[in-house]
Amino acid sequence: MPIKAQAIRKNSQTKKLSIQYPQIKNFLTSLTTPKKVLAVLAVLFVLYAITDIISVDADAHTNIDFDSVRQSQMVPIPPTPLMSFAESGLIGSEQFINKVVTVKKGQTLSGIFTDLGLSQGLLLKIAHFNEDSKKLVKVMPGNDISFTMNQAGDLVQLRYQSSPFEELVIHNDMDQISTELIQHDQQIRLVSAEGTIQNSLFGAGKAAGLTDNMVMQLANIFSWDIDFVLEIRSGDAFSVIYEKIYKDGEYLTDGKILAASFTNQGTKFEAVYYEHEDGEGSYYAADGRAMKKAFLRAPLNFSYISSNFNPKRLHPVTKRVKAHRGIDYSAPVGTPVYAAGNGRVTRSGYNKYNGNYVFIQHPNGIITKYLHFSKRAVKKGQKVKQGQTIGYVGATGMVTGAHLHYEFIYNGVHRNPRTVSLPKSKPLPDTVMPEFLTYSTPLLSRLSDLKEQLVAMN
Ligand SMILES: [Zn+2]
């Protein structure tokens, strides 16, 4: 589109020049030789300047980002690229006072207006002016509001970033209010990264150019299949395709992961982000089964292993062989512990062996137990959701150090929560599968290509 528009414009320029050629020729023949030389140089300079402008323009408009999924709408090129005086910032010669207020917790718009010497009447007028101006009322702590006042202290302009891609501008001209919504150009580019773990997942993520937040996002996708606290090994590998969001061409933030794979101790897991008919997106395996399952593999945030699951080990305190029917997650005091699945709290108490402990009853005869909390966060009888914080790692009860003791009991039998086979999630309906596969197959094959590149590099 823009290339075509540019070509048309270029043609019209050339046409204009050819019309002017006879006049230039006549003009030149009427001149004396030294003047002729100067005039020729001047004409050449003008021609050079025009062609230069054209070429710069062409570059600026043909720079299409082919990597974008959702490209911003291409805007037709305006006939005159001149900037208006208002746009260039030259609005009269009056001096204005500019104040940027960062909204603090507990601070109200009313309070901010008072602090700036602006009337409550004006605030009311703005708040009720129209649908756009109402957006100002939704201001949150941490947001910036920029006020421009004249020498008399009257509000002239107010600017507020009502969303990452939308700015509300309220103009006030002698109590005549008008509003303007400036939409910023949003671009989403797809980026890929891959890595192999040597020492830590976060270290590998960093080496691959991922933020810690992106590494957490990645781990969360696979948190129903992989125990990221105890099961990560050197040689585990990941690849990921994710969004980078740009505002007006400048990097703003990372978006979501569209596809990812994680190879844990030789087992490869893959996931694709897919928006089902209701518009709500979540992650699915290549076979269309939801990544989200009834139980998390590790019911807490990352840390490192203190002991493996072992049914016959010496109890660290009593020193006698006692079946250790759970799993110990060594973690700093205060690390939040999550409910591994949805359920109801059947016990929330304290004794000298367990310290602070919580038991949860889940559907299908499954019970999970969590011991040695520094602090409990739920009460007996309370309903809990998967991922909800139920307590904090501590060293209460019979322990040698801070850790979470976690048990998984199925129909009265203790199971190793790290290896117990859990029910598979339901696949997408058959009617959706063709669409899902059309979408997911190229993404997953691109992930595999990344992996191959990595292997080739090593
Ligand atoms: Zn234990």
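Residues numbered from 1 in each chain as written. Predicted model: local features only at pLDDT ≥ 70, side-chain atom pairs only at ≥ 80, totals over all residues.

Is there a simple way to explain the overall build of the chain in this structure?
Looking only at helices and strands, one finds seven helices and 21 strands in the chain. In the chain, which comprises 458 residues, the share counted as buried stands at 23%. (Helix = DSSP H or I, 4+ residues; strand = E, 2+ residues; numbered from the N terminus. Buried ≥ 20, exposed ≤ 12 C-beta atoms within 10 Å, placed from the backbone.)

Mind showing me how you'd approach the sheet that holds strand β2 (residues 144–149) here?
Strands belonging to one sheet form pairs held by backbone hydrogen bonds; the direction of such a pair is parallel or antiparallel. Taken in spatial order, the five strands make up an open sheet running β1-β2-β3-β4-β5, and their pairing is antiparallel. Edge positions in the open sheet fall to β1 (97–102) and β5 (176–183), since each of these has one partner strand only. The mean angle between the axes of side-by-side strands here comes to 15 degrees, regardless of whether they run parallel or antiparallel. As defined by bridge partners, strand β3 (residues 155–163) adjoins strand β4 (residues 166–173) across six bridges and the pair is classed as antiparallel. (Pairing = 2+ DSSP bridges. Axes fitted to C-alpha atoms, helices over the stretch in contact; angles between N-to-C directions.)

Explain the environment of E407 to me, please; I cannot follow it from the model alone.
Locating E407 in the fold gives a position in strand β20 (residues 403–410). Look past the residues within four positions of E407 in its chain and what remains in contact with it is R325, G326, T368, K369 and H414. (Contact = placed C-beta atoms within 7 Å.)

What is the right way to look at the pairing of strand β17 (residues 366–376) in this model?
For strand β16 (residues 355–362) and β17, the ladder comprises six bridges, and the chain directions are antiparallel. Following the sheet pairing, I360 is matched in β17 by T368. The antiparallel pairing of β16 with β17 creates a hairpin that spans three residues between the two strands, and N364 there sits at a positive phi of about 65 degrees. Inspection of the sheet shows β17 paired to β20 by six bridges, in the antiparallel sense. The residue of β20 that forms the bridge with K369 is E407. Sheet analysis places β17 next to strand β19 (residues 389–393), joined by three bridges and oriented antiparallel. Looking at the pairing, F373 lines up with V393 of β19.

Honestly, the environment of K256 in this entry has me stumped. Any pointers?
Assignment of secondary structure puts K256 in strand β8 (residues 250–264). Residue classification places K256 among the partly exposed residues on the basis of 14 C-beta atoms within 10 Å. For the pair K256 and I241, spaced 15 residues apart in sequence, the C-alpha separation works out to 8.9 Å. Those residues in contact with K256, other than ones at most four positions away along the chain, are Y242, E243 and Y273.

Just checking my understanding: could you explain unusual backbone geometry for this structure?
A positive phi angle, close to 50 degrees, is found at D248, a residue other than glycine. Within the secondary structure layout, D248 lies in the loop between β7 (237–247) and β8. Since 11 C-beta atoms lie within 10 Å of it, D248 is described here as exposed. Phi at H372 is positive, roughly 70 degrees, even though this residue is not glycine.

Is there a simple way to explain the confidence of the model for the chain in this structure?
Regions with low pLDDT carry predicted coordinates that are not meant to be interpreted in detail. Residues at a pLDDT of 70 or more form 73% of the chain, whose mean pLDDT is 78. In this model residues 46–91 is a low-confidence stretch, pLDDT under 50, and it forms 32 contacts with partners more than four residues away in sequence or in other chains. Every residue in residues 454–458 scores below 50 in pLDDT, and together they form one contact with partners more than four places removed in sequence or on other chains. (pLDDT = per-residue confidence, 0-100.)

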